[in-house]
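Close look at the chain arrangement
Listed below, chain by chain, are the residues.
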Amino acid sequence: MKLQIIHGPNLNLLGSRETSVYGTESLDSINKKCEALAQELGCEIATDQSNSESDIIDIIHAARQGVDGILINPGAFTHYSYAIRDAVAAVQIPTVEVHLSNVHSREKFRHKSVIAPVAAGQISGFGADSYLLGMRALVGLIKNA
Ligand code: DQA
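First things first, this report covers the structure right here in the doc.

Rules used throughout
Residues numbered from 1 in each chain as written. Predicted model: local features only at pLDDT ≥ 70, side-chain atom pairs only at ≥ 80, totals over all residues. Heavy atoms only, no water. Axes fitted to C-alpha atoms, helices over the stretch in contact; angles between N-to-C directions. Helix = DSSP H or I, 4+ residues; strand = E, 2+ residues; numbered from the N terminus. Parallel < 35°, antiparallel > 145°, perpendicular 65-115°, else oblique. Left-handed = near helix turned anticlockwise from the far one by under 90°. Contact = heavy atoms within 4.5 Å. Nonpolar A, V, L, I, M, F, W, Y, C, P; charged D, E, K, R; others polar. Near = heavy atom within 4 Å. Polar contact = N/O pair within 3.5 Å; in protein donor to acceptor, adjacent residues only side chain to side chain. Areas by Shrake-Rupley, 256 points an atom, 1.4 Å probe, with all protein chains shown as cover. 1 Å grid on protein atoms, 1.4 Å probe; cavity = no way out; pocket = protein on both sides within 12 Å on 5 of 7 lines; lining within 4 Å. Sits in = over half its atoms within 2 Å of the grid points. Pairing = 2+ DSSP bridges. Phe/Tyr/Trp six-rings, centres within 6.5 Å; stacked < 30°, edge-to-face > 60°. Buried < 20%, exposed > 50% of the residue type's maximum accessible area, 1.4 Å probe, protein only.

1. Quick word on the packing of helix 2 (residues 27-41) against helix 5 (residues 128-144)
When two helices pack together, you describe them by how their axes are tilted relative to each other and by the distance separating the axes. At a minimum axis separation of 10 Å, helix 2 and helix 5 run at an interaxial angle of 30°. Here helix 2 lies roughly parallel to helix 5, going by the angle between them. Considering the relative orientation of helix 2 and helix 5, their crossing is right-handed. On helix 5, the residues touching Ile30, Lys33, Cys34, Leu37, Ala38, Glu40 and Leu41 of helix 2 are Ala128, Tyr131, Leu132, Met135, Arg136 and Val139. For the contact of helix 2 with helix 5, the per-class residue count stands at 10 nonpolar, no polar and three charged.

2. Things to note about the site of the ligand
Around the ligand, the neighbouring residues are Arg17, Tyr22, Asn73, Gly75, Ala76, His79, His99, Leu100, Ser101, Val103 and Arg110. Arg17 is positioned with one of its side-chain polar atoms (N or O) 3.0 Å from an oxygen atom of the ligand. His79 is positioned with one of its side-chain polar atoms (N or O) 2.7 Å from an oxygen atom of the ligand. For the ligand, whose free accessible area comes to 320 Å², the fraction covered by protein is 99%. A molecule is said to occupy a pocket when more than half its atoms come within 2 Å of that pocket's grid points, and by this definition the ligand occupies the largest pocket.

3. Some details on the sheet that holds strand 1 (residues 2-7)
Spatial ordering of the open sheet is given by 2-1-3-4-5, a layout of five strands whose pairing is parallel. The sheet is open, and its two borders are formed by strand 2 (44-49) and strand 5 (121-124), each paired with just one other strand. Across the sheet, the mean angle separating the axes of adjacent strands is 20° when strand polarity is ignored. Note: strand 1 against strand 2, six bridges, orientation parallel. Each bridged residue has a counterpart across the sheet, and for Lys2 the counterpart in strand 2 is Glu44.

4. Section: the packing of aromatic side chains
Each aromatic ring pair is characterised by the separation of its centres together with the angle its planes make. Enumeration according to the criterion identifies one aromatic pair in this entry. A ring pair is formed by Phe77 and Tyr80, whose centres lie 5.8 Å apart and whose planes are at 65°; its orientation type is edge-to-face.

5. Some details on unusual backbone geometry
In terms of backbone geometry, most residues other than glycine have negative phi values and most peptide bonds are trans. One non-glycine residue, Asn10, adopts positive backbone phi at about 75°. Mapped onto the secondary structure, Asn10 falls in the loop between strand 1 and helix 1 (19-22). We classify Asn10 as partly exposed; its relative accessible area is 34%. For Glu18, which is not a glycine, the phi torsion comes out positive at approximately 35°. By the element assignment, Glu18 lies in the loop between strand 1 and helix 1.

Spelled out as structure tokens, the structure:
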């Protein structure tokens, strides 16, 4: 089983970016935790980060070649990218949306996700654990499909 993990814009700055909201853990450290969990779950992962909407859409399209599930933190694109939403809907690969922070307890514009309606579910507010919980959920979904 192969999972594609996608980190959206500004997540390359994790560790130094708004640490009171996102904590001090780097993206590299989150990826390492995901790798360790992938080994435990017996699956393979690819991790990519991009600040560009078009790159993220291309990664989602490329997932049609052999990827069983997508875990995505779309960053701010969560709240307004109909193009990423359409890409997720188009490829018909089970997708879980994750967020480090609890988007529902923050500014009003973060309460809406245009991607969540086409995802299997959303996990928000648990820091790096959101990714790990999301991976477990995704693997469960794929196994039970
Ligand atoms: C985020 C939440 C988004 O609202 C924000 O724009 C981000 C990070 C999170 O992981 O908490 O860039 O997706």
